[in-house]
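Structural description and commentary
Residue strings, one per chain:
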Amino acid sequence: AASFGINKALEQLGVKETNLGTSIGSEFFGTGETIASYSPVDGVLIAKVTSTTPEDYEKVMTTATKAFMEWRTVPAPQRGEIVRQFGEKLRELKEPLGKLVSYEMGKSYQEGLGEVQEMIDICDFAVGLSRQLHGLTMHSERPGHRMYEQYHPLGVVGIISAFNFPVAVWAWNTALAWVCGDVCVWKPSEKTPLCGIACQNIIAEVLKNNKLPEGISCLINGDYKVGELMTNDKRIPLVSATGSIRMGKIVAQKVAARLGKSLLELGGNNAIIVTPDADIKMTVIGAVFGAVGTAGQRCTSTRRLIIHESIYDQVKNAIVDAYKQLKIGNPLDQNNHVGPLIDTDAVEMYEKALQKAQKEGGNILVAGGVLKGEGYESGCYVKPAIVEAENSFEIVQEETFAPILYLLKYTGGVENAIAQQNGVVQGLSSAIMTNNLREAERFLSAAGSDCGIANVNIGTSGAEIGGAFGGEKETGGGRESGSDAWKIYMRRQTNTINYTTELPLAQGIKFDL
Ligand code: UN1
């Protein structure tokens, strides 16, 4: 861990050898079993974190609930000021935090920095939003009456995040939730607990400097059992969960059983449609970054290319050529394009997926494989693979969190490509590469892509924070980040005020006493 300045980064972020993993602001405690965090970069133990026991959790929830009573009455623009200060701290610590993300999760340092940039961007967005939590006013049907609506703070928001965006997803939720007047309890992935400790240290300092109740930001750690404490907890009106479809179905049912709200960001099976009018050079860049960026571990990663038969060979050859340039290795070394997968379990899933693709009749164009030898000691480095396949293959229908790209062919009009693109259970991100206006508009129309994100001449990944982020069907339907995604973090109230001395009833009902 001595190389690439990791030790210094850990020190700057306040990450110790063993960290207490339950926290209310700057107070860290916890006696649960320790979770060891190994880096997929070099297989070295980075540090340990204690997990949260049910008793620890009770303490968190009691304090968080109390903190909410106070925080909800702080004017929203003042809450925005706290988020502004948080964004400033993130600017100061962008490099060490980006480095920790890279080292603990395995994405490239550039992408680690990009992730922290997303946190900074959402803070800026939230600061502006803190003066724009607007409701509408309506005209009453009754004389001397006025109607309007307000958005009030909701309560304690539970956040369950995944390893692949170990810091940004938390910030998308918290930055909005905090300006909305909520307090947050966060369970990061047990695969990236140190990113959680680092982020909590950053916000804790801001809360302390402003003498605010520290329960505004709480951290819990552990596996799904710790997450379940939140999904079953009536004191948590909203659970925001990012992860697999399997996890999302469990969370959704548990939260719905108590009529809570859930915001789900689940799997994607994102495709780029490449039409005869596509710019091939742009297609190659978009597709390759989409497929191998973050080693194929984004929920927006490009998993399928749906290519028109007339340009199929040309596109195929260009992409296969581009794959030859890819350098795989230590993600902190900026000469490398592709880092490791998160752990050896992920490597196993990747290998199984490739075997299955072949068994189902897929044609391996760029062979995968696990890398061995110097620099690959962690056992987590794999070669990005390309397989010619059919959309109907079972394995193509699944989201494999690894750099495997499936090439699919279509004939005839763009509607045939759209049918393949929509022909999966997931509905997160989608893209079309075309200079043909008719094709592009059709793709964006009501009869076009059924995804939450649909792009023209851009790949499937790398969404900006300003838009609402999320997807349809088994992706879970939640929306985070920009646009009006903030509304789910608030409770809506319709108010009708009568300023007369009469009490007329709505709908003209007569009720004389
Ligand atoms: C995720 O993979 O969970 O659009 C989120 C993107 C990023 C976010 C991905 N802004 O690729």
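Residues numbered from 1 in each chain as written. Predicted model: local features only at pLDDT ≥ 70, side-chain atom pairs only at ≥ 80, totals over all residues.

**Thoughts on the site of the ligand**
Neighbouring residues of the ligand: E118, N164, F165, T242, R298, C299, T300, S461, G462 and A463. Of the residues assigned to the shell around the ligand, the class counts are 3 nonpolar, 5 polar and 2 charged. (Near = placed C-beta within 6 Å. Nonpolar A, V, L, I, M, F, W, Y, C, P; charged D, E, K, R; others polar.)

**Quick word on the UniProt feature "active site" (unreviewed entry) in the protein**
Under the UniProt annotation, the feature "active site" (unreviewed entry) is placed at E265. For E265, the location among the structural elements is in strand β12 (residues 261-265). Taking the number of C-beta atoms within 10 Å as the measure of exposure, E265 has 30 and is therefore buried. Beyond its immediate sequence surroundings of up to four residues, E265 is in contact with T242, C299, G470, G476, G478 and E480. (UniProt positions renumbered as here; feature names shortened; annotations may be inferred. Helix = DSSP H or I, 4+ residues; strand = E, 2+ residues; numbered from the N terminus. Buried ≥ 20, exposed ≤ 12 C-beta atoms within 10 Å, placed from the backbone. Contact = placed C-beta atoms within 7 Å.)

**Here we look at the packing of helix α3 (residues 76-92) against helix α7 (residues 193-209)**
Packed helices, taken two at a time, are described by their axes: the angle between them and the distance between them. Look at α3 against α7: their axes get within 10 Å of each other, and the N-to-C directions meet at 135°. When the axes of α3 and α7 are compared, the pair comes out oblique. α7 is crossed by α3, and the crossing has right-handed handedness. Packed against α3, whose contacting residues are I82, Q85, F86, K89 and L90, the element α7 presents I202, I203, E205 and V206 at the interface. (Axes fitted to C-alpha atoms, helices over the stretch in contact; angles between N-to-C directions. Parallel < 35°, antiparallel > 145°, perpendicular 65-115°, else oblique. Left-handed = near helix turned anticlockwise from the far one by under 90°.)

**Some points on the sheet that holds strand β14 (residues 302-308)**
What the 7 strands build is an open sheet, ordered β15-β16-β17-β14-β13-β19-β20; its pairing is mixed. Edge positions in the sheet fall to β15 (363-366) and β20 (453-456), since each has one partner strand and no second. Averaged over all adjacent pairs, the angle separating strand axes in this sheet is 25°, with direction ignored. Running at roughly 55° to β15, helix α11 (residues 312-324) makes contact with β13 (270-274), β14, β15, β16 (385-388) and β17 (404-410) of the sheet. (Pairing = 2+ DSSP bridges.)

**Considering the UniProt feature "domain: Aldehyde dehydrogenase" (unreviewed entry) in the protein**
The residues that UniProt annotates with the feature "domain: Aldehyde dehydrogenase" (unreviewed entry) are residues 32-494. The span residues 32-494 shows a helical share of 39% and a strand share of 20%, and its end C-alpha atoms are spaced 45 Å apart.

**Overview of the confidence of the model for the protein**
Confidence along the protein averages 97 in pLDDT terms, with 100% of residues attaining 70 or more. On the interface metric, ipTM, the complex scores 0.97, and its pTM is 0.97. (pLDDT = per-residue confidence, 0-100.)

**Some points on unusual backbone geometry**
Within the chain, T294 stands out as a residue other than glycine whose phi angle is a positive 55°. Examined against the element boundaries, T294 turns out to sit in the loop between α10 (280-292) and β14. Using a count of 28 C-beta atoms within 10 Å as the deciding quantity, one classes T294 as buried. The backbone of Q507 shows a phi angle near 60°, a positive value even though the residue is not glycine. Following the sequence through the fold, Q507 ends up in the segment after β24 (490-498).

**Considerations on the packing of helix α5 (residues 109-129) against helix α6 (residues 168-179)**
One way to put it is that α5 packs onto α6 with a least axis distance of 9 Å and a crossing angle of 10°. By the angle between their axes, α5 is roughly parallel relative to α6. When the axes of α5 and α6 are compared, the crossing they make is right-handed. On the side of α5, the interface is formed by E115, E118, M119, I122, C123, A126 and L129, while α6 contributes A168, A171, W172, A175, L176 and V179. Here the residues of the contact of α5 with α6 sort into 11 nonpolar, no polar and 2 charged.

**Quick notes on the environment of S217**
As for its position among the elements, S217 is in strand β10 (residues 217-219). Considering only alpha carbons, one finds S217 and G25, 192 residues apart in sequence, at a separation of 5.5 Å. Sequence-distant contacts of S217, defined by excluding residues within four places in its chain, comprise G25, T174, C184, Q200, I203, A204 and L207.

**Brief notes about helix α15 (residues 437-444)**
By the burial criterion, the buried members of α15 are E439, A440 and F443. The arc enclosing the buried residues of α15, seen along the axis, measures out at 100°, which places them on a common side. Structural note: α15 exposes L437, R438 and E441 on the side pointing more than 90 degrees away from its buried face. Residues of α15 that are buried in the fold lie against β13, α14 (414-422), β19 (429-433) and β20. (Arc of directions from axis to C-beta.)

**Digging into the sheet that holds β24**
In a beta sheet, neighbouring strands pair by backbone hydrogen bonds and run either parallel or antiparallel. Spatially, β6-β7-β24 is the arrangement adopted by the 3 strands of the open sheet, whose pairing is antiparallel. Whereas interior strands pair on both sides, the edge strands pair on one side only; in this sheet they are β6 (137-138) and β24. Where strand β7 (residues 145-153) meets β24, 9 bridges bridge the pair, whose relative direction is antiparallel. In the strand pairing of β24, H152 is matched with R491.

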